[in-house]
Amino acid sequence: MKHSLISSVILLAFASAPVFAQEQSLEPVVDAANKINAAAKSSQLTVEKIADSTQERIQQYKQITRQIQGLEVYTQQLQKQLDAQLVEKDELNSSIDEVSVVERQITPLMLRMIDSLAKFVELDVPFLPEERAERVASLRDLMDRADVDVSEKFRRVMEAFQIEADYGRNIEAYNGEMTVDGQSQDVEFLRMGRTVLLYKTRDGSTMGVWNQQQREWQPLDSSYASNVQEAIRVARKQLAPDLLMLPVFTQTNGAGE
């Protein structure tokens with residue numbers, strides 16, 4: 001019995017020996033398979049990361065591409081604006097050159113206009129002599145100023161001519177001084193356009209009318225006193241306009257009504 005038990009143990013040992021040997025021979029294979037699986041898993045994770053990174057970069061590329069396209073359109077628009085500004089710059093430079101030429105031509109013209117205006121005032125009916133002479137003098141001073149644009153100078157010259165033109169279309173009464181019988185007296189002047197210029201003393205005792213042909217003051221008959229006073233009131237807007245009888249000198253140096 002004992003011998004039989006020992007034989008069974010030996011037999012079992014011999015029977016399990018191949019299984020154990022097989023397990024030992026398979027362990028490297030299993031380890032290798034596990035390593036391959038782990039490596040494959042790691043590679044898969046790496047591939048997924050690369051795929052995610054690639055997709056992200058593709059999206060970034062598309063976004064950058066859209067930005068580049070937008071910048072190209074914007075750049076083209078800026079180039080159009082720049083081209084238009086260059087054209088405008090050339091036009092402005094051309095205009096500046098033309099303005100310089102005009103300025104060189106218009107300045108002598110204005111000086112001649114001022115000289116003509118001064119001569120006209122000198123030879124005209126002598127109303128408001130100080131005011132008109134001062135206007136001419138201020139224009140001459142204006143022409144010498146470097147801080148005033150040529151356009152402003154021209155405007156002022158034309159304004160002076162317009163004022164002189166308006167004198168011929170309106171009626172005016174103003175106070176002043178007049179040498180009467182060798183004495184300076186306060187008088188009232190009446191101007192009707194450039195046709196009639198006369199004066200009367202404050203008390204109305206003396207009146208005179210300007211004779212443009214002879215360029216001198218001549219006495220005015222007292223019969224005109226009421227008409228002169230009425231005309232002065234009309235000029236001062238104290239009375240409505242009405243038909244007035246005043247002396248007008250003709251080319252034959254005679255006075256008519």
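As a reminder, the structure under discussion sits directly above these lines.
In this convention, every chain numbers its residues from 1, walking through the sequence in written order. Given that the model is predicted, a residue must reach a pLDDT of at least 70 before its local features are reported, and side-chain atom pairs must reach 80 or more before they are shown or counted; all residues, however, enter totals for whole chains, interfaces and linings. Here the side-chain values reflect all heavy atoms present in the structure, with hydrogen atoms and water set aside.

K.L.:
Looking at this structure, how should I read helix α4 (residues 225-235)?
P.N.:
What sets the pattern is the α-helix's 3.6 residues per turn: residues three or four places apart point alike. The set of residues buried in α4 consists of Asn-227, Val-228, Ala-231, Ile-232, Val-234 and Ala-235. Buried residues of α4, seen end-on, are gathered within an arc of 160° and therefore sit on one face of the element. Here, two residues are considered to be in contact whenever any of their heavy atoms come within 4.5 Å of each other. Secondary structure is summarised from DSSP: a helix means a run of H or I of at least four residues, a strand means a run of E of at least two, and numbering begins at the N terminus for each. Contact partners of the buried residues in α4: β1 (171-180), β2 (183-192), β3 (196-201) and β4 (207-211). Lys-237 lies just past α4 and shows a positive phi near 60°. Burial status follows relative accessibility: with a 1.4 Å probe on protein chains alone, a residue under 20% of its type maximum counts as buried, one over 50% as exposed, and anything between as partly exposed. Each C-beta atom gives one direction from the helix axis, and the arc is the one those directions make.

K.L.:
For this particular structure, what's the right way to read the environment of Val-121?
P.N.:
If you trace the backbone, Val-121 turns up in helix α1 (residues 2-123). With a relative accessible area of 15%, Val-121 lands in the buried category. C-alpha of Val-121 to C-alpha of Val-136: the two residues are 15 residues apart in sequence and 8.9 Å apart in space. Among residues more than four places away in sequence, those in contact with Val-121 are Arg-132, Val-136 and Glu-164.

K.L.:
Please explain the sheet that holds strand β5 (residues 216-219) as it appears in this structure.
P.N.:
By way of backbone hydrogen bonds, the strands of a sheet pair with one another, either parallel or antiparallel. Two strands qualify as a pair provided DSSP detects at least 2 bridges between them. The five strands lie next to each other as β1-β2-β3-β4-β5, forming an open sheet whose pairing is antiparallel. The sheet is open, and its two edges are formed by β1 and β5, each paired on a single side. Geometrically, the sheet is characterised by an average inter-axis angle of 30° between neighbouring strands, direction not taken into account. Note: β2 against β3, six bridges, orientation antiparallel. Directly across from Val-187, in β3, lies its bridge partner Thr-201. To get an axis, a line is fitted to the C-alpha atoms, and for a helix only the part in contact is used. The angle between two axes follows their N-to-C directions and goes from 0 to 180 degrees.

K.L.:
What should I look at first to understand a nonpolar patch on the surface in this one?
P.N.:
Residues Leu-71, Tyr-74 and Leu-78 make up a contiguous nonpolar surface patch of roughly 310 Å² in combined accessible area. Among the secondary structure elements, Tyr-74 is positioned in helix α1. Patch membership needs two things, relative accessible area over 30% and no salt bridge, and members are linked within 9 Å if like-charged or within 5 Å if nonpolar (Val, Leu, Ile, Met, Phe, Trp, Tyr). All accessibility values rest on the Shrake-Rupley procedure with a 1.4 Å probe; residue burial counts only the protein chains present in the view. We define a salt bridge as a side-chain nitrogen of Lys or Arg found within 4 Å of a carboxyl oxygen belonging to Asp or Glu.

K.L.:
Whenever I open this one, the packing of aromatic side chains confuses me. Can you help?
P.N.:
Aromatic ring pairs are defined here through the distance separating the ring centres and the angle between the ring planes. A pair of aromatic rings is counted whenever rings of Phe, Tyr or Trp (Trp by its six-membered ring) have centres within 6.5 Å, and the orientation is called stacked for planes under 30 degrees apart, edge-to-face for over 60 and tilted otherwise. A full pass over the atoms with the stated rule returns six aromatic pairs. Between Phe-127 and Tyr-167, the ring centres sit 4.9 Å apart and the planes meet at 80°, which makes this aromatic pair edge-to-face. Here Phe-127, found in the loop between α1 and α2 (129-143), pairs with Tyr-167, found in helix α3 (residues 150-167); they are 40 residues apart in sequence, far enough to count as distant. Each member of the pair, Phe-127 as well as Tyr-167, is classed as buried. When the ring of Tyr-174 is compared with that of Phe-189, the centres are 5.2 Å apart and the planes differ by 20°; the resulting orientation is stacked. Here Phe-189 lies in strand β2 and Tyr-174 lies in strand β1, a separation of 15 residues in the sequence. For the residue pair Tyr-174 and Phe-189, the accessibility class agrees, reading buried in each case. Counting every residue linked through ring pairs, the aromatic cluster contains Tyr-174, Phe-189, Tyr-199, Trp-210 and Trp-217.

K.L.:
Before we go on, may I ask you to explain the side chain of Arg-132 in this structure?
P.N.:
With respect to the secondary-structure elements, Arg-132 resides in helix α2. If we ignore the near neighbours within four places in the chain, the residues touching Arg-132 are Phe-120, Val-121, Asp-124, Val-125, Phe-127, Glu-164, Tyr-167 and Arg-194.

K.L.:
It is not clear to me how the pattern of salt bridges should be interpreted in this structure. Could you clarify?
P.N.:
Once the charged atoms of two side chains with opposite charge are near each other, the side chains can pair. The final tally for this structure, using the stated rule, is 15 salt bridges. One salt bridge connects Arg-140 with Asp-115, and the closest N-O pair in it is separated by 2.8 Å. Of this pair, Arg-140 sits in helix α2 while Asp-115 sits in helix α1, and the two are 25 residues apart along the sequence. With a relative accessible area of 37%, Arg-140 lands in the partly exposed category. Classification of Asp-115 by relative accessible area gives partly exposed; the value is 40%. Between Arg-191 and Glu-172 there is a salt bridge, with the nearest N and O atoms lying 2.9 Å from each other. Here the residue Arg-191 occupies a position in strand β2, and Glu-172 occupies one in strand β1, the gap between them amounting to 19 residues. Overall, the relative accessible area of 1% leaves Arg-191 in the buried class. Looking at Glu-172, the relative accessible area reads 23%, which means it is partly exposed. Each of Asp-124, Glu-131, Arg-132, Arg-135, Glu-164 and Arg-194 takes part in salt bridges that share partners, so that together they form one network.

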